[in-house]
Amino acid sequence: MGVSAIRWAAVTTAVLLAATACGRGDEASKGALPEECKGQQTTGITDTSIKIGGIYPLSGPASAYGDIPKGIKAYFDYINAEKNGIDGRKVEFIVRDDGYQPPKAVEEARRLVEQEQVFALFQTLGTPSTAATWDYTNQRKVPQVFVATGASQWGTDKNHPWTIGWQPNYISEARVYAQFLKTEKPDAKVAVLYQNDDFGKDLLGGFKKAIAGSQIKVVAEESYEVSDPTVEPQMRNLARSDADVFLNVTTPKFGSQALAADVKNTDWNPLHILNNVAASITVLKPVGLKNVQGVVSATYYKDPNDPQWADDPEMKLYREKMAKYAPGADPNVPYHAFGWAAASSFHKAMEAAKCPTREGLRDSVRNLNDVEVPMLLPGVRLQTGPDDGFPIESMQMMRFKGERWELFGEVIDTRKVFGPVTAD
Amino acid sequence: MSEAIETREKSTAPASGPRPARSWLRFLEPRGHWVWIALAIALILPFQLVPFRVFQLTMVLVYAVALLGLNLLVGHGGQISLGHGAFFAVGAYTAAIMMDRWDTPYPWTLPVAAAVTFVLGLALGVPAARLHGLYLALVTLAIAIFLVPLLKRFEDVTGGSMGLTLSKPQPPSWTGLAEDQWLYFLALAVAVAAFALVAGLLRSRVGRALHALRDNEIAAEVMGVRLAFYKTLAFAWSALLAGAAGCVYTWVIGFVSPDSFTVNLSITLLAGIVVGGLGSQAGPVLGGLFVMFVPSFAQDINQGAPGVIFGLLIIVVMYVAPTGLAGLAGRAVRSFDRTLRKE
């Protein structure tokens with residue numbers, strides 16, 4: 001019996017050896033690189049293809065964001081089929097699910113980098129998942145570009161040059177509201193409701209800094225936890241403050257609750273600023289659209305529901321290609337347009353890269369010079385530099401009118417007004 | 001009284017399956033050589049696999065240790081816990097805070113994490129001793145739910161919702177191992193120690209008392225098993241193992257945040273041990289493999305709804321193998337053996 005057990009073990013080992021010998025991935029074939037690009041990493045990229053991977057919560061509590069990769073896929077399918085890819089390279093975009101769990105995100109990042117041998121990670125979604133993976137990607141020197149989270153640390157941190165955000169960070173957004181108030185209500189008294197986490201604190205902190213030295217004052221602030229059932233007690237306290245502006249820094253569910261509480265209290269009628277995260281129509285609908293007239297917010301990309309873009313060439317293209325390459329997806333969902341805009345930004349950054357290498361992409365996304373992306377609002381452009389790790393820092397104010405958001409005023413470029421966002 | 005249970009144990013042992021004499025499959029039996037073979041394979045694997053697979057196997061070991069604890073409580077003690085993710089989280093955070101705040105060398109975090117969760121398990125085991133079935137499930141579920149906001153609240157210590165980023169244990173240079181392999185061996189060492197600990201526990205008075213408790217509480221009490229004592233103890237041991245797993249998890253992932261330890265984790269762990277095989281020795285390992293590999297497998301089948309496929313797979317497994325994967329494997333071996341003997 002002992003002998004057969006050993007034989008059995010030997011067989012098992014042999015099988016394992018054979019199986020794993022085939023498992024090792026090969027380096028991507030190296031095309032002829034220009035002289036200055038010699039010695040740089042070319043994993044996942046050839047003269048005819050480029051392989052990138054994204055990690056999104058397709059399942060779990062945040063699965064609504066799972067619509068973003070659909071817009072991205074549609075964009076890449078379209079340029080692959082009709083534009084011969086990016087500079088002749090067909091884009092292969094691999095999407096993995098992390099269920100919004102950081103350990104799962106680490107696993108999927110490693111799968112993409114080590115098993116799939118991707119050229120770069122194009123978007124990881126959510127602050128926790130990105131924070132869990134960025135040490136790994138930077139150790140491995142894999143670009144992690146245009147991560148879908150608004151935390152300011154992706155741009156201020158100096159130790160992670162391979163990671164960069166895309167959407168306006170929360171501090172920039174706060175600056176937009178501050179700037180708006182400075183011109184519209186220079187002696188505003190502001191009451192703030194904010195979510196007690198990095199997102200809420202980033203925005204509130206940014207706002208306080210941006211109003212420093214002006215007549216605007218924060219007269220009351222209340223926080224809530226994501227696990228709280230309701231924000232009504234906080235709203236009652238804020239109403240007593242006799243502020244004339246209410247800054248609503250919340251995620252969708254609580255955004256609705258705060259709006260409803262504001263509507264219910266007829267004695268207190270402040271100017272209601274709703275942050276971008278909660279500014280979707282699905283947040284406003286439960287409150288009753290007639291009750292939220294005059295609420296203001298800020299945005300940076302074209303909303304497919306906005307009739308003023310109905311004849312916009314990019315929006316028409318988007319609708320046409322979505323119908324063709326993502327027939328099951330509803331083009332009116334703003335997340336699809338978000339994905340489309342991000343993919344189109346990646347396209348531009350990759351085109352602008354001096355070398356078709358990982359280093360080339362890393363340098364390119366940190367050297368974007370006034371790049372126009374048609375799906376973004378006119379006037380909102382991508383701009384980065386050695387001291388500026390934030391591609392989008394401009395937003396435009398919008399006011400809710402009738403059944404939709406209406407843009408007003410000029411695009412506010414917070415870079416010009418406030419200078420670069422820095423850590424602390 | 002222990003005599004009585006002893007005899008009972010002995011009398012039930014052969015009923016678990018006919019002893020296949022002179023079979024080359026004998027080492028698959030509980031007291032056979034399979035443990036050594038599994039260990040030998042586990043020692044060879046990290047030198048044969050790519051780093052990513054080594055990392056995945058390390059996570060399997062982490063889950064296996066946590067499931068081992070859950071198996072002790074649910075499979076052997078007959079208690080239910082929907083809150084083991086919380087013990088796991090406490091172990092993980094204990095290690096993370098020690099490494100982050102006081103720069104404690106990582107080996108020291110393991111005994112501390114184990115001790116902290118053991119004490120916590122004892123404390124929480126007290127209500128467990130008075131509650132049964134669904135009520136206990138509800139209490140443990142509440143623990144898992146309330147831990148996440150708690151971690152976010154004490155931001156100064158826990159890093160709030162941004163979590164804590166830590167450097168991973170580096171292999172000592174004399175080993176010549178890569179980081180992934182070193183982490184794997186650390187996890188393997190903890191897993192082996194945990195399996196030995198549980199095997200010892202189960203063979204002792206505690207194990208017999210737990211089995212008696214699971215099978216019939218009243219009978220156990222009549223035989224002199226102190227119910228409250230053993231229930232609390234089972235909770236504490238089980239929490240200790242979950243805490244140790246959490247500590248190794250922190251070493252391996254190098255990042256903790258409240259969102260890593262939601263209620264989902266507790267439920268996944270419970271699903272893992274039930275699918276793996278309650279009360280079986282191989283159950284935790286099979287459960288760990290299931291928890292680790294099946295979600296990504298589900299995703300390969302259908303990108304649109306990975307959660308649905310995962311759920312369906314659990315249902316399928318439970319229908320095909322009501323005693324879990326371990327039971328299925330055991331049945332397959334026995335029926336195979338019977339056919340061999342008929343010839």
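Residues numbered from 1 in each chain as written. Chains lettered and ligands numbered in written order. Predicted model: local features only at pLDDT ≥ 70, side-chain atom pairs only at ≥ 80, totals over all residues.

1. Overview of the overall build of chain A
The helix and strand inventory of chain A stands at 14 helices and 14 strands. Here chain A has a C-alpha radius of gyration of 24 Å; the compact-globule value for 424 residues is 22 Å, and the two agree. With the principal axes as the frame, chain A shows a C-alpha extent of 85 × 60 × 40 Å. The 424 residues of chain A split such that 51% are buried. (Helix = DSSP H or I, 4+ residues; strand = E, 2+ residues; numbered from the N terminus. Rg over C-alpha atoms; globule rule 2.2 N^0.38 Å. Buried ≥ 20, exposed ≤ 12 C-beta atoms within 10 Å, placed from the backbone.)

2. What about the packing of helix H4 (residues 84-101) of chain B against helix H5 (residues 106-130) of chain B?
Residue and element names in this part refer to chain B. Remark: H4 packs on H5, axes separated minimally by 9 Å, with the N-to-C direction vectors making an angle of 140°. As far as their axial angle goes, H5 and H4 are oblique. With respect to the hand of their crossing, H4 and H5 are arranged in right-handed fashion. On H5, the residues touching Phe 87, Val 90, Gly 91, Thr 94, Ala 95, Met 98 and Met 99 of H4 are Tyr 106, Thr 109, Val 112, Ala 113, Val 116, Thr 117, Leu 120 and Gly 121. Split into classes, the residues belonging to the contact of H4 with H5 amount to 10 nonpolar, five polar and no charged. (Axes fitted to C-alpha atoms, helices over the stretch in contact; angles between N-to-C directions. Parallel < 35°, antiparallel > 145°, perpendicular 65-115°, else oblique. Left-handed = near helix turned anticlockwise from the far one by under 90°. Contact = placed C-beta atoms within 7 Å. Nonpolar A, V, L, I, M, F, W, Y, C, P; charged D, E, K, R; others polar.)

3. Details of helix H12 (residues 334-352) of chain A
Side chains three or four residues apart in an α-helix point the same way, a direct result of the helix having 3.6 residues per turn. Here H12(A) is 19 residues long and its end C-alpha atoms lie 27 Å apart, about the 27 Å a rise of 1.5 Å per residue gives. With 14 of 19 residues buried, H12(A) lies mostly within the body of the structure. (Expected span 1.5 Å × (residues − 1).)

4. Quick look at the sheet that holds strand E1 (residues 49-56) of chain A
All names here are of chain A. In space, the five strands of this open sheet follow the order E2-E1-E3-E4-E5, with parallel pairing throughout. Unpaired on one side and paired on the other, strand E2 (90-97) and strand E5 (163-165) mark the two borders of the sheet. Strand after strand, the sheet turns through a mean of 20° between neighbouring axes, direction not considered. Here strand E4 (residues 144-147) pairs with E5 via two bridges, running parallel. Of the residues in E5, the one forming a bridge with Val 147 is Gly 165. (Pairing = 2+ DSSP bridges.)

5. Details of the confidence of the model for chain A
Per-residue pLDDT for chain A has a mean of 87; in total, 92% of the residues score no lower than 70. In this model, residues 17-30 of chain A is a region of pLDDT below 50 whose contacts with residues beyond four sequence positions or in other chains number 16 contacts. (pLDDT = per-residue confidence, 0-100.)

6. Section: the pairing of strand E9 (residues 271-274) of chain A
All names here are of chain A. Across four bridges, the pairing between strand E8 (residues 245-249) and E9 is parallel. Paired with Asn 248 across the two strands is Leu 274, which belongs to E9. On the question of chirality, the crossover connecting E8 to the parallel E9 by way of helix H9 (residues 252-264) is right-handed. (Right-handed = clockwise from strand over helix to strand, strands pointing away.)

7. Considering the domain arrangement of chain A
Residues and elements named next belong to chain A. Each domain of chain A was delimited in the assignment, giving domain 1 (37-168 + 300-392) and domain 2 (171-298). Centre-to-centre separation of domain 1 and domain 2, based on C-alpha positions: 30 Å. Counting residues at the interface gives seven residues for domain 1, matched by seven residues for domain 2. Here the residues of the side of domain 1 that touches domain 2 are counted per class, giving four nonpolar, three polar and no charged. (Domains from an automatic or database assignment.)

8. Some remarks on the nonpolar core
Membership of the largest hydrophobic core comes to 223 residues, with the highest contact counts inside it found for Val62(B), Val65(B), Ala66(B), Ala244(B) and Val248(B). Per-domain counts for this core show at least three residues from each of domain 1 (37-168 + 300-392) and domain 2 (171-298) of chain A. Leaving out residues up to four positions away in the same chain, Val62(B) has contacts with Ala187(B), Ala245(B), Val248(B), Tyr249(B) and Val252(B). (Core = buried A, V, L, I, M, F, W, Y, C linked by C-beta atoms within 7 Å.)

9. Digging into helix H6 (residues 133-153) of chain B
The end-to-end C-alpha distance of H6(B) is 31 Å, a good match for the 30 Å that 21 residues give at a rise of 1.5 Å each. Buried within H6(B) we find Leu136(B), Thr140(B), Ile143(B), Ala144(B), Leu147(B), Val148(B), Leu151(B) and Lys152(B).

10. What to know about unusual backbone geometry
Across residues other than glycine, the phi torsion is negative in most instances, and most of the peptide bonds are trans. Residue and element names in this part refer to chain A. Phi is positive for Gln 123, close to 75°, though the residue is something other than glycine. Residue Gln 123 is classed as buried on the basis of its 27 C-beta neighbours within 10 Å. Despite not being glycine, Asp 242 has its phi angle at roughly 60°, a positive value. With respect to the helices and strands, the residue Asp 242 is situated in the loop between helix H8 (232-239) and E8. A tally of 13 C-beta atoms within 10 Å means that Asp 242 is categorised as partly exposed.

11. A look at the environment of Ala271(B)
Residues and elements named next belong to chain B. Note on placement: Ala 271 falls in helix H12 (residues 263-276). Given 19 C-beta atoms within a 10 Å radius, Ala 271 is considered partly exposed. For the pair formed by Ala 271 and Thr 232, sequence separation is 39 residues and the distance between their alpha carbons is 23 Å.

12. So, the pairing of E1(A)
Residues and elements named next belong to chain A. With seven of its eight residues buried, E1 lies for the most part within the structure. Bridge analysis of E1 against E2 gives eight bridges, and the strand direction is parallel. For Tyr 56, the partnering residue across the bridge sits in E2 and is Asp 97. Chirality of the crossover, the property in question, places the unit of E1, helix H2 (residues 68-82) and E2 among those that are right-handed. Note: E1 against strand E3 (residues 120-124), three bridges, orientation parallel. Its bridge partner lying in E3, Ile 55 is registered against Thr 124.

13. Topic: the packing of helix H3 (residues 51-76) of chain B against helix H13 (residues 283-301) of chain B
All names here are of chain B. With their axes 7 Å apart at the nearest point, H3 and H13 run at an angle of 130° to one another. Taken together, the axis directions place H3 and H13 in an arrangement best described as oblique. Here the hand of the crossing between H3 and H13 comes out right-handed. Where H3 abuts H13, its residues Gln 56, Met 59, Val 60, Leu 61, Tyr 63, Ala 64, Leu 67, Leu 68, Asn 71 and Gly 75 lie against Gly 283, Pro 284, Val 285, Gly 287, Gly 288, Leu 289, Val 291 and Met 292. Split into classes, the residues belonging to the contact of H3 with H13 amount to 12 nonpolar, six polar and no charged.

14. Some points on the environment of Ile392(A)
Here Ile392(A) is to be found in the loop between strand E12 (381-382) and strand E13 (394-401). Residues Ile392(A) and Pro229(A), 163 residues apart in the sequence, show an inter-C-alpha distance of 34 Å.

15. Thoughts on the confidence of the model for chain B
Residues and elements named next belong to chain B. Residue-level pLDDT values for chain B average 81, and 90% of them are 70 or greater. Within chain B, helix H1 (residues 2-12) has the poorest average pLDDT of any element, 42, and H4 the best, 90. Reported confidence for the predicted complex is 0.74 by ipTM and 0.80 by pTM.

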